[in-house]
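Here is how the chains run, residue by residue.
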Amino acid sequence: MSLAFCGSENNSVAYKVNNGVLNNGCFVDALNVVPHVFLLFITFPILFIGWGSQSSKVHIHHSTWLHFPGHNLRWILTFVLLFVLVCEIAEGIVSDGVSKSRHLHLYMPPGMAFLAAITSIVYYHNIETSNFPKLLIALLVYWTLAFITKTIKFVKFCDNNIGPLQLRFCLTGLLVILYGMLLLVEINVIRVRRYVFFKKPKEVKPPEDLQDLGVRFLQPFVNLLSKGTYWWMNTFIKTAHKKPIDLKAIGKLPIAMRALTNYMHLNEAFEAQKNKNTLHPQGSKSIWCALCFAFGRPLILSSTFRILADLLGFAGPLCISGIVHHVGKGNNTFRPQTEILGVSFISSQEFLANAYVLAVLLFFALLLQRTFLQASYYVAIETGINLRGAIQTKIYNKIMRLSTSNMSMGEMTAGQICNLVAIDTNQLMWFFFLCPNLWAMPVQIIVGVLLLYYLLGISALIGAAVIIVLAPVQYFVATKLSQAQRSTLEYSNERLKKTNEMLRGIKLLKLYAWEHIFHSSVEETRQKEMTSLKAFALYTSISIFMNAAIPIAAVLITFVVHAHIFENADFSPSVAFASISLFHILVTPLFLLSSVVRSTVKALVSVQKLSEFLSSEEIGEEHDKCSEPRCNDNHSKYQVLPLKVVNRKRPAREDWNNYSSPLRRPVSSTEADDYCVKVTNGFFTWTPESTPTLSSIDIRIPQGQLTMIVGQVGCGKSSLLLGILGEMQKVSGNVIWNSIPDSETGKDISPERETAVDTETRKRGSVAYASQKPWLLNATVEENITFESPFNTQRYKAVIDACSLQPDIDILPHGDQTQIGERGINLSGGQRQRISVARALYQQTNVLFLDDPFSALDIHLSDHLMQEGILNMLRDDKKTVVLVTHKLQYLPHADWIIAMKDGTIQREGTLKDIQKSESELFEHWKTLMNRQDQDLEKETLIERKHVLDRKNIQTTMHSREALFQEDEEDEDEIPESDDDDDNLSSVLHQRAKMPWRACGKYLTSAGFLLLPLLILSQLLKHSIMVFIDFWLAQWTSDAISSKVGNNCSFCEASKFNHFPYTRIFSILCCLGIILCLVTSIAVEWTGLKVAKKLHCFLLNKIILAPMRFFETTPLGSILNRFSADCNTIDQHIPATLECLSRSTLLCLSALAVISYVTPVFLIALVPLAVICYFIQKYFRVASRDLQQLDDSTQLPLLSHFSETVEGLTTIRAFRYESRFKQKLLEYTDSNNIASLFLTAANRWLEVRMEYIGACVVLIAAVASITNSLYNNLSSGLVGLGLTYALMVSNYLNWMVRNLADMELQLGAVKRLNGLIKTEAENYKGLLSPAQIPQNWPDQGEIQIQNLSVRYDTTLKPVLKHVNAHISPGQKIGICGRTGSGKSSFSLAFFRMVDTFEGRIVIDGIDIAKLPLQTLRSRLSIILQDPILFSGTIRFNLDPEKKCTDSMLWEALEIAQLKHVVKTLPGGLDAIVTEGGENFSQGQGQLFCLARAFVRKTSIFIMDEATASIDMATENILQKVVMTAFADRTVVTIAHRVHTILNADMVIVMKRGVILEYDKPEHLLEQEDSVFASFVQADK
């Protein structure tokens, strides 16, 4: 067939120009080519030559700077233009197909226009990004010409009476409008930017974000095409393959997305709500309104995208129906009759009756639908992330103003607040993400049912009814599922709490041989957890089963009804396969419905919680209440002081001050200056209802002097400090500050505070406060000490020296740059305390409050800190220091003493005043002090000796191994193990391939019965599914062919018999449904079995691991295995495994079916598969990194919240609120940007996979149409192929996403395996139980022969060749410097350390031969750190339940606790909270003593057991121990040497060797004995 521009028929009208050139259709078409050719000629040289020199862009981000007005409109118009041009080309080809020769002019001009349109947008994009607006002139000319030529064509059509019935007329009209609009856009650019026809062009600057090279998240700044396809992510994902993604790689957030910006929006919305709703400004309703006001707009956009995508989704079934229908009729359904101007015209119906046209339309519909869907997801998730950041900031600001009593009285625990941040804000984020579904789902369901009705009539409604009736069942299952999840969560929290306690107290458990008790307790909770996990698994499998089975059931019922009841109904392949696709579409919203409803309910609960939290009591509110009814004289005092402060800072306002207060001058300056704080008639309480904790407090703390507060345990010393700091609720009285905020910290006072608090702020500057329980940040040692202050080397060194921290810093793995774990987990109590004090000393504040800083320190460290730190550094600088202490020997240093008793002030004054007026009290102190004379010279002498000694110690400590010589302070030291993969310092990236070994380990743990069942059932299920559809194709093809064959005769006999077909169809469907059930149960069952096995292995290994393992592995890391990793294995892996296997097998079966139907497809499959492989390969690496970043940036954020809650009093005392808020914003932003990049990466993948899916559909459609037309492929198989092709496009991205998830989740299995390989301690002994006497050791005789001990085979010995003999019943005292090996000595008795030489013989038995359990259960020890477990007091004293109540009361009496326990509700059954938080440190220590007394063993070791007890109690204890244990062997390791003066023998140790071993009195007589010097120093 010949080819010519105007066609080559002989009588061609095409070449006649009788009626004028413009009336010739072919000429008009030729004229239309001119503008396009013009544009291509003009722009190509500019694009190729001009851009060579322009290749190095001015600025990295300017390539994304879009600044021409009407930018987005231009892109949208161009896309529409391209689509219309494709239609015009198709229309030309279709209408030309009926004529005898080819008319090029029908489709060549639109082809050229298509090229020109693409060129125009590429050209425009390059001009815009390089900012050369003058070059836009070319486009202006082009749009003008195109508009004119199209208008001529349109006018000519109108002249020739071609109307809207002809498709070409409509297309031409559309093109005129589009070109006209593009011309207007171009003119608008000139009008706004004035780059031509105006004298001065308008200057524009790029936005701030684009000038900042740190901003790498470009989604808001790129053009529409890049926005829709995430093209800008390409470079990012490529680089991720070369090097790991870290926070630096993802850069900063754009300003509009930062937490601060969003918080401002949210706050404005809250304020607006407050003004509207004065009754409940923080109620749930007003919170919802505020959230919608602040974040509603993008949600509307997201919902619009979503609805558009859902409507486009119906194009699939409709096009399939059309294609199969036309293919069945041979695709030649029309012969166009209309010929005008020598060419054929077709109507739109005729155009859409072409199967190829439908295939192309389907392709475009799929592309658009997928793009809209991903855009909808992206916008919703971005909104959710912004919302989460804003709410977290809002919560944090509230925390900063929370009243302390809420926290301490348990109304609001740190856990609840962290849950609010970790869980509830995420619930809200997810709700906003799922929100568009609420509007989109009803639309989707209604349209779907209507279309089904259109295809199948009444029987469709029956099928839809099946789906809709089962929806409530699905919802019921979903609610049950979430209930099961909740109860699982409760049990797993309980299990974690127990595991946490077990791990924190592991040393004690091993020493007391109680591992089995705690092991069985954790196991028992795990059993309960497994029971609720079983319910969870059951409902999950039902849910999975229903999602798979409902469409099968619906299709079965519909088709059987349709075939049998409506005898003469149309049951063709086109109807059948379109219906199947529609049923699949309908199931999706109904499946989502349950999760959306669940998410909505959770969001409502979360907002309720948030509302309760936001309306809880704030600090400073009570000042407001107190400040109104004040009488005048008080008022004047309050006024003068703030002015005085203002005065110091801004001398300019001095005259104003003199003016305004002539009446108030009489306050004498001396009176005003000599006190720092004054409390008059103060009554303070923690909760408004309870009786005041502190009553009638009248004290004065002198300015620039050292004030000490003393008193017995629990008399309110710490409360007094907090009351003065404004942390307690003031019932009545005044606290008057006279301090001057210093220049450095006084300036940053948080701006958002009510006026009442404001006067408070101006009254009090920053106070350096060291709380009794040291509070540390999860940061380096240096950051903890400088605490956000500028670094000053000289001062830093002085502080480190005063707190004797240098030796500790030397042995930390990275010196003072070592990260301190959460709550200072890798430091001993003493180190934590000293760092906390060092922080207070380092600050440049005028006032310091130190709450019992000596409690965890030995005598040398205490003395050194007192002398160097408190006296030399602070008092000499004229700082006001308030010191709470039990160490009465320091009283002579005090300038002012406040003695407290039972919440009131017993006495205040100088030591001399008290000596005169309260001689009894003074004498009492004196006896406790053991110190008659105050000889400072002697003290300084010893101080020097001490320093020398320390230097010696330092020299031996330069090596890393020396860590364990320093075992004393640093027993709990945790060096960071380099191989642990969530190391405290850095998370190591393991960028290996898929973890196949972990996968193998996981599956083989399931056992050899389940594994084959799992694999076989999956394969069988998918084979049956394919078979069902094949049978349907056969059935419908036969039905339609019988109809066509019997068209002529209308006799009854010709009725098609559906029965044999429906019978087999029903059997297959039922089989399919049963197999769905089997597979879903098999997967969940496998998951359960594996979860049970792995946890059991892990727990058994950990509890028997040697102590060294716990010292070298961070506790957080072990806990993570039990929490996050176990949770992943319990709940996530089974679901992911199911999803992955389903989507993979669906894709494979679909590709197999398409290849079977049209083998040609295999050729096209190869390039698509290669592209797919590379996309998933790059995506998996990036996704894993981003997922890890998302998780790892969440941890600092959450720990910042919990840190803040724990250290609230310290932060507020320092007045550091704004600094911490700033930190929070940084953490939130880094977490949000990781989440945003993760979202963008997921969208990047999905868009690409969906586009590949669309290509599969197009190729399959074109191939099967061609195959059907030329090779007589049955229309049923065409329908089958297309239905499966649509499925591929749905499941491809699921497959890759699940693969990435699976890879991430198998990491948990890998990490668990790593821990399961831990070596256990050797618990078996050489002696059998029969060989060990029942009551061994009954004498308590200990022989130590040439003993050498080390902590690990790789480390140096900590005890070297020690020999000693301890007779039965002797009292032995051991003393020595920190790190001399005292504690190692005690641990050697329990075989907690590696004894590599020598032996210990107790009552004639070498302890190395005993089973560990026996040995440890027959000795008793009290450790330095008090460890209490949550439970009752009875459980804490006697977990083995061996003792009677009278024995327990006796032990409590010995430990001086009987009166305390008697007053508690429940007595022995009173509750001890986690970590013994409801008892003071001293009381905790006493409980530990009682616990040891209960055991009644004949050997008893006390390891510095009385460190945190006041002297009076300690003296009583010493006496009691001597009497109660008269017949037992007692070994005491002492900080305070005076506690072992009454011992029978004293051992003095140094660096693992015994220096002196003799009676104390003998040693004291020797002038040069080390022991004597110790005693001297301790006086």
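Structure: see above.
These notes cover the structure that comes with them. Just so we're clear, the structure is a prediction, and the values are computed from it rather than from any experiment.

Rules and cut-offs
- Residues numbered from 1 in each chain as written.
- Predicted model: local features only at pLDDT ≥ 70, side-chain atom pairs only at ≥ 80, totals over all residues.
- Heavy atoms only, no water.
- Helix = DSSP H or I, 4+ residues; strand = E, 2+ residues; numbered from the N terminus.
- Buried < 20%, exposed > 50% of the residue type's maximum accessible area, 1.4 Å probe, protein only.
- Contact = heavy atoms within 4.5 Å.
- Areas by Shrake-Rupley, 256 points an atom, 1.4 Å probe, with all protein chains shown as cover.
- Axes fitted to C-alpha atoms, helices over the stretch in contact; angles between N-to-C directions.
- Parallel < 35°, antiparallel > 145°, perpendicular 65-115°, else oblique.
- Left-handed = near helix turned anticlockwise from the far one by under 90°.
- Nonpolar A, V, L, I, M, F, W, Y, C, P; charged D, E, K, R; others polar.
- Patch = residues over 30% accessible without salt bridge, like charges linked within 9 Å, V, L, I, M, F, W, Y side chains within 5 Å.
- Salt bridge = Lys/Arg side-chain N within 4 Å of Asp/Glu carboxyl O.
- Lys, Arg positive; Asp, Glu negative; His and termini not counted.
- Charge placed at Lys NZ, Arg CZ, Asp CG, Glu CD.
- Pairing = 2+ DSSP bridges.
- Core = buried A, V, L, I, M, F, W, Y, C linked by side-chain atoms within 4.5 Å.
- Phe/Tyr/Trp six-rings, centres within 6.5 Å; stacked < 30°, edge-to-face > 60°.
- Lys NZ or Arg CZ within 6 Å of the ring centre and 35° of its normal.

## Re the overall build of the protein chain
Reasoning step 1: Within the protein chain one finds 53 helices and 25 strands.
Reasoning step 2: Counting only residues that meet the buried cut, the protein chain has 58% of its 1579 residues in that class.
Reasoning step 3: Of the contacts formed within the protein chain by residues at least 6 apart in sequence, a portion of 82% connects residues at least 24 apart.
Reasoning step 4: Within the structure as shown, the protein chain displays about 65000 Å² of accessible surface, and the carbon and sulfur contribution to it stands at 61%.

## Some words on the packing of helix H17 (residues 458-504) against helix H40 (residues 1115-1157)
Reasoning step 1: Where H17 contacts H40, the two axes come as close as 10 Å, and the packing angle between them is 160°. On the basis of the axis angle, H17 is roughly antiparallel to H40. In this structure, the crossing between H17 and H40 has a hand that is right-handed. Residues Gln485, Thr488, Arg495, Leu496, Thr499, Asn500, Leu503 and Arg504 of H17 pack against Leu1115, Ile1118, Leu1119, Phe1122, Ser1123, Cys1126, Asp1130 and Gln1131 of H40.
Reasoning step 2: When grouped by side-chain class, the residues that make up the contact of H17 with H40 number seven nonpolar, six polar and three charged.

## With respect to the packing of helix H28 (residues 793-802) against helix H30 (residues 829-842)
The geometry of a pair of packed helices is captured by two quantities: the angle between their axes and the separation between those axes.
Reasoning step 1: Close contact between H28 and H30 brings their axes to 9 Å; oriented N to C, the two are set at 140°. Taken together, the axes of H28 and H30 lie oblique to each other. Classified by chirality, the crossing of H30 by H28 is right-handed. Contact with H28, carried on its side by Arg795, Tyr796, Val799 and Ala802, involves Ala838, Leu841 and Tyr842 of H30 and no other residues of that element.
Reasoning step 2: Taken together, the residues that form the contact of H28 with H30 break down as six nonpolar, no polar and one charged.

## Re a positive patch on the surface
Reasoning step 1: A cluster of like positive charges, contributed by Lys1356, Lys1360, Lys1550 and Arg1551, occupies part of the molecular surface.
Reasoning step 2: Secondary-structure assignment places Lys1550 in strand S24 (residues 1545-1550).
Reasoning step 3: For Lys1550, a relative accessible area of 34% translates into the label partly exposed.

## Quick notes on the sheet that holds strand S5 (residues 675-685)
Reasoning step 1: Read from one edge of the open sheet, three strands run S6-S5-S8, paired in antiparallel fashion. What marks the edges here is a single partner per strand, and that holds for strand S6 (694-702) and strand S8 (729-737). Mean inter-strand twist for the sheet, computed between neighbouring axes without regard to direction, equals 5°.
Reasoning step 2: Against the sheet, helix H25 (residues 717-724) contacts S5, S6 and S8, and its axis sits at roughly 70° relative to S6.

## Brief notes about the pattern of salt bridges
Reasoning step 1: Within this structure, the stated rule accounts for 31 salt bridges.
Reasoning step 2: For the salt bridge of Lys510 with Glu1321, the shortest nitrogen-to-oxygen distance reads 3.0 Å. A residue pair is termed long-range when its members are at least 10 positions apart, and Lys510 in helix H18 (residues 506-512) and Glu1321 in the loop between helix H44 (1275-1316) and strand S14 (1342-1350) qualify at 811 residues.
Reasoning step 3: Of the residues examined, Lys510 reaches a relative accessible area of 0% and is grouped as buried.
Reasoning step 4: The class for Glu1321 is buried, based on a relative accessible area of 13%.
Reasoning step 5: Arg526 serves as the salt-bridge partner of Asp1130, at 3.0 Å between the closest nitrogen and oxygen. A residue pair is termed long-range when its members are at least 10 positions apart, and Asp1130 in helix H40 and Arg526 in helix H19 (residues 515-565) qualify at 604 residues. Both residues of the pair, Asp1130 and Arg526, count as buried.

## Brief notes about unusual backbone geometry
Reasoning step 1: Non-glycine residue Phe787 carries a positive phi angle of around 50°.
Reasoning step 2: Phe787 gets classed as buried once you look at its relative accessible area, which sits at 0%.
Reasoning step 3: For Asp902, which is not glycine, the phi torsion reads 45° and is therefore positive.
Reasoning step 4: Within the secondary structure layout, Asp902 lies in the loop between strand S12 (896-901) and strand S13 (904-909).
Reasoning step 5: You can call Asp902 exposed: its relative accessible area is 63%.

## Points about the pairing of S5
Reasoning step 1: With respect to burial, S5 is a largely interior element, eight of its eleven residues being buried.
Reasoning step 2: With seven bridges connecting them, S5 and S8 associate as antiparallel partners. In the strand pairing of S8, Phe684 is matched with Lys730.

## Digging into the sheet that holds strand S17 (residues 1394-1402)
Reasoning step 1: Across the sheet, which stays open at both edges, the four strands sit in the order S15-S14-S17-S18 with antiparallel pairing between neighbours. Of all the strands in the sheet, the pair left with one neighbour each is strand S15 (1357-1366) and strand S18 (1405-1406).
Reasoning step 2: Bridge count for S14 against S17 is seven bridges, and the pairing is antiparallel. Pairing of Arg1350 across the sheet is with Asp1394, part of S17.

## Points about the nonpolar core
Reasoning step 1: Core analysis: the biggest nonpolar cluster contains 129 residues, and Met233, Phe559 and Phe1065 have the highest contact counts within it.
Reasoning step 2: Considering each element in turn, this core owes the most residues, 18 residues, to helix H43 (residues 1217-1271).
Reasoning step 3: Residues contacting Phe559, with those up to four places away along its chain left out, are Leu456, Phe571, Ala576, Ser579, Ile580, Leu1032, Trp1035 and Phe1065.
Reasoning step 4: Counting 120 residues, the second-largest nonpolar core is a separate cluster that includes Met1107, Phe1109, Val1309 and Leu1486.

## What about the packing of aromatic side chains?
Reasoning step 1: Here the structure, examined in full by the defined rule, presents 40 aromatic pairs.
Reasoning step 2: Both rings, one in Phe787 and one in Phe1220, keep their centres 5.8 Å apart while their planes meet at 55°; by these two values the pair is tilted. Of this pair, Phe787 sits in the loop between helix H27 (781-786) and H28 while Phe1220 sits in helix H43, and the two are 433 residues apart along the sequence.
Reasoning step 3: Note on Phe791 and Tyr796: the rings are 5.0 Å apart at their centroids and 55° apart in plane angle, and the pair reads as tilted.
Reasoning step 4: An aromatic cluster is defined as three or more aromatic residues linked by ring pairs; in this entry it consists of Phe559, Trp1031, Trp1035, Tyr1061 and Phe1065.
Reasoning step 5: Positioned above the aromatic ring of Tyr124 is the side chain of Arg74, whose terminal nitrogen or guanidinium carbon lies 3.8 Å from the ring centre.

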